[in-house]
Each structure stands twice: as structure tokens, then as C-alpha cells.
Amino acid sequence: MPEGTTLVLGGGGVAGIAWMTGLLAGLADAGQDVTGADSIIGTSAGANVAAQVGSGLPLDELFARQADPARQAAEIAAEVDLQKFGAEFAGLFAGPATEHEALARIGAFALAAQTVPEAARRAVIESRLPAADWPAREILLVAVDAGSGAVRVFDRESGVSLIDAVAASCAVPGIWPPVTIGARRYVDGGVRSSDNADLAIGAARAVIVSPLGWDSPLPSLFPLRSVVSQLRADGTEVTVLTPDAASAAAIGPNPLDPATRTPAAAAGRAQGRAGLTPAS
């Protein structure tokens, strides 16, 4: 269970990775570096950023890897309409079901989908990470078992490679292939919640960075508003950061478009330089 300060990094595609990296760098510029948190919880895009921050590379270097086209990782372009995508997932959630049953429906959808080969997608994830080894600090990466619908939180004690854990956490159903780890296959932790901020329960302070914001277009079993209310009721000091208007415009309608990285990173850094102004 997290204690002290927890940094929660949510999902949001390659645009979200770039925006969060820029935001964290901008906060550091403003003298409010939050990357030294006692623990980092990463989901999907946030899993990538958590691993990158945990690598020990300076934020300026991580920012350059997002903002400079000559230094960006090679990506596989994908098209997604988040509103349509969310509506499709909402249909899979419909009907009486336990949490695991509902998520297993998403898993079944992912397992049946035609996508790029798993090895090709893993190579993309590997190219994003400055280091392949788990950091010594507490990094928690969230994925969902495609077969059972159970949440799986990977850390350095899980016996799973960092690359596979990040790949599992950002295996968007229907777009990227489920990730094979041992005898199981895993999908994006964002199908449970875009941020999985409920896993910060017990922290004295939580800083939640949510690229998809308060009203994510994707259905969630743990909506951000409800989770933040519960955390605050339990005594956690919570700050939530979401894209401002300029950042939202830079991210655009397709956060899986690699072309969004440079503008999203720049907008995130500019927003971060304004300091820890909580979203309302």
C-alpha cells in the first residue's frame, strides 16, 4: 500500500506520454518537481512515463526524447476516435456483471482482434525506454488479465521484465495485441480506469496527472471524480492535473498519432511552468 507521496500517471496514448513528460519537466522548471515521489503508479501511457522517470535520466533529457523529432522513438501509427471507442467499450460493460466479468469481456474482445504482431509492438515499447531494468524505487504498473479480468499490478518483485510490464499496461484492446507473460495474456490497465488512482489509497499525498481528464471518454469502473472524493475523505491530500486548453488542442482528437508528440510535449512544459495549479 502506498505511503508518503504517490505520483499517479494516467493513460492517454503517445500524446499523453509526451504531454506528461513536458508537464513534469515544466513543474521542475517552476521549482515543483514531483518525480521524487515515494511511489509512482503508471497506467498505459503513464506506465511508459513511470519507467522513463525511474530510469534516472534527467527530465530535460526525457523531454528532448519527446519533443525533438530526431530523438523520438519509432512508433506504429494508429487511428482512434475516443468517443466511438468509448461507446464500444461501454457496450461491452453493459449488463449485470462483476468487475472481473466486465473486464473479461474487454479481454475477449482484445484476444479476438486482428492487430500488429506482438513482437513488433514489444519492439516499440523497448525503443521508448531508456533502461530495460526495473528501477530500485517503487514503480507500480497496472494491467488487466485478458482471460480472467483480474487487475495485475506489476513491480520489480513480480518476476516480469520491465518491458513486458509496460507493454502489458498499454496494450489497448482492439488496437495493440495482448501481451503474453508466462501462461497469461494481459491488456491495457486503462480498461479498468484511465488513471487507477484508487491504488493510491493510504498515501498521505497524491499528485494525479490525467491526460484524459475528469470526464474521460472511456468508461471506467473507478471514475476519477469518485476516486478523488474517496481519497480526500480518507485524508489524502490530492492534486489533480489535467490538460489545459492549449495542451488539449496539442493532444488533439487522436492521441495515438505520433505527430502529436512534439506539440504535446511543448504544451505540457508550458502548462507545467505555471506550477501545481490543481484542476477543478
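Residues numbered from 1 in each chain as written. Predicted model: local features only at pLDDT ≥ 70, side-chain atom pairs only at ≥ 80, totals over all residues. Heavy atoms only, no water.

Colleague: Explain the overall build of the chain to me, and be specific about the residues and the numbers.
Modeller: For the chain, the helix and strand inventory stands at ten helices and eight strands. Relative to the globule expectation of 19 Å for 280 residues, the C-alpha radius of gyration of the chain, 17 Å, shows essentially globular dimensions. Expressed as lengths along the three principal axes of its C-alpha atoms, the size of the chain is roughly 45 × 45 × 35 Å. The proportion of buried residues among the 280 residues of the chain is 55%. Partitioning the intrachain contacts of the chain with sequence separation of at least 6 by distance along the chain shows that 76% fall at a separation of at least 24. As presented, the chain carries roughly 10,800 Å² of accessible surface, and 54% of it is formed by carbon and sulfur atoms. Side chains of the chain give 19 positive and 29 negative charges; the mean places of these two sets differ by 2 Å. (Helix = DSSP H or I, 4+ residues; strand = E, 2+ residues; numbered from the N terminus. Rg over C-alpha atoms; globule rule 2.2 N^0.38 Å. Buried < 20%, exposed > 50% of the residue type's maximum accessible area, 1.4 Å probe, protein only. Contact = heavy atoms within 4.5 Å. Areas by Shrake-Rupley, 256 points an atom, 1.4 Å probe, with all protein chains shown as cover. Lys, Arg positive; Asp, Glu negative; His and termini not counted. Charge placed at Lys NZ, Arg CZ, Asp CG, Glu CD.)

Colleague: Provide a residue-level description of the layout of surface pockets, including the pertinent values.
Modeller: Looking at the largest pocket, its volume works out to about 180 Å³. Around the largest pocket, the lining residues are Gly12, Leu82, Pro211, Leu212, Pro217, Pro243, Ala248, Ile251, Gly252, Pro253 and Pro255. For the lining of the largest pocket, the class distribution of residues is nine nonpolar, two polar and no charged. (1 Å grid on protein atoms, 1.4 Å probe; cavity = no way out; pocket = protein on both sides within 12 Å on 5 of 7 lines; lining within 4 Å. Points joined across faces, edges and corners; volume = space filled by probe spheres on them. Nonpolar A, V, L, I, M, F, W, Y, C, P; charged D, E, K, R; others polar.)

Colleague: With reference to specific residues and values, describe empty space enclosed by the protein.
Modeller: One water molecule sets the probe size; rolling that probe over the atoms shows where empty space is left. Under the definition given, this model contains two cavities of 30 Å³ or more. The space that makes up the largest cavity amounts to roughly 240 Å³. Looking at which element gives the most residues to the lining of the largest cavity, the answer is helix α4 (residues 82-93), with three residues. Residue composition of the lining of the largest cavity, by class: 13 nonpolar, six polar and one charged.

Colleague: If you had to explain the packing of helix α1 (residues 13-29) against helix α2 (residues 45-54) to someone new, which residues and values would you point to?
Modeller: At a closest axis distance of 8 Å, the pairing of α1 and α2 adopts a crossing angle of 40°. When the interaxial angle is binned, α1 and α2 end up oblique. Judged by the twist between their axes, the crossing of α1 over α2 is right-handed. Judged by residue contacts, Gly13, Gly16, Ile17, Met20, Thr21 and Leu24 of α1 engage Ala45, Gly46, Asn48, Val49, Gln52 and Val53 from α2. Residues belonging to the contact of α1 with α2 are distributed by class as follows: six nonpolar, six polar and no charged. (Axes fitted to C-alpha atoms, helices over the stretch in contact; angles between N-to-C directions. Parallel < 35°, antiparallel > 145°, perpendicular 65-115°, else oblique. Left-handed = near helix turned anticlockwise from the far one by under 90°.)

Colleague: Residue-level account of the environment of Ala108, with values.
Modeller: Along the chain, the position of Ala108 falls in helix α5 (residues 99-112). We classify Ala108 as partly exposed; its relative accessible area is 44%. Taking the C-alpha atoms as reference points, Ala108 and Ser193, 85 residues apart in sequence, are found 18 Å from one another.

Colleague: Account for unusual backbone geometry, with residues named and values stated.
Modeller: Of note in this structure, Ser44 is not a glycine but carries a positive phi near 60°. Position of Ser44 relative to the elements: it lies in the loop between β2 (39-43) and α2. With a phi close to 55°, Asn196 is a non-glycine residue in the positive phi region. Relative to the assigned elements, Asn196 resides in the loop between β6 (184-188) and β7 (205-209). Judged by its relative accessible area of 0%, Asn196 is buried.

Colleague: Mind laying out the pairing of strand β4 (residues 151-154), listing which residues take part and the relevant values?
Modeller: The pairing of strand β3 (residues 138-145) with β4 spans four bridges and is classified as antiparallel. Residue pairing for β4: Ala143 is matched across the bridge by Arg152. Connecting β3 to the next strand, β4, in antiparallel fashion are five residues, including Gly149 with a positive phi near 80°. (Pairing = 2+ DSSP bridges.)

Colleague: Which residues make up the nonpolar core, and what values go with them?
Modeller: Residues Leu7, Leu9, Leu141, Phe154, Val166 and Val209 are the most contacted members of the largest nonpolar core, which totals 49 residues. No other element matches the nine residues that α1 contributes to this core. One finds Leu82, Trp176, Val191 and Leu212 within the second-largest nonpolar core, a separate group that totals 20 residues. (Core = buried A, V, L, I, M, F, W, Y, C linked by side-chain atoms within 4.5 Å.)

Colleague: So what's going on with the packing of aromatic side chains? Residues and values would help.
Modeller: Following the criterion strictly, the structure yields three aromatic pairs and no others. Where Phe85 meets Phe89, the ring centres are 4.5 Å apart and the plane angle is 40°; that geometry is what we call tilted. Taken together, the positions of Phe85 and Phe89, both in helix α4 and four residues apart, correspond to about one turn of that helix. With respect to class, Phe85 is no different from Phe89; both count as buried. Each ring, one from Phe89 and one from Phe109, has its centre 6.0 Å from the other, and the planes form 80°; the classification is edge-to-face. Here the residue Phe89 occupies a position in helix α4, and Phe109 occupies one in helix α5, the gap between them amounting to 20 residues. Exposure remark for Phe89: the relative accessible area of 4% places this residue in the buried category. The class of Phe109 is partly exposed, set by a relative accessible area of 25%. Over the ring of Trp176 we find Arg121, and its NZ or CZ is 4.2 Å from the ring centre. The side chain of Arg269 reaches across the aromatic face of Phe63, ending 4.6 Å from its centre. (Phe/Tyr/Trp six-rings, centres within 6.5 Å; stacked < 30°, edge-to-face > 60°. Lys NZ or Arg CZ within 6 Å of the ring centre and 35° of its normal.)

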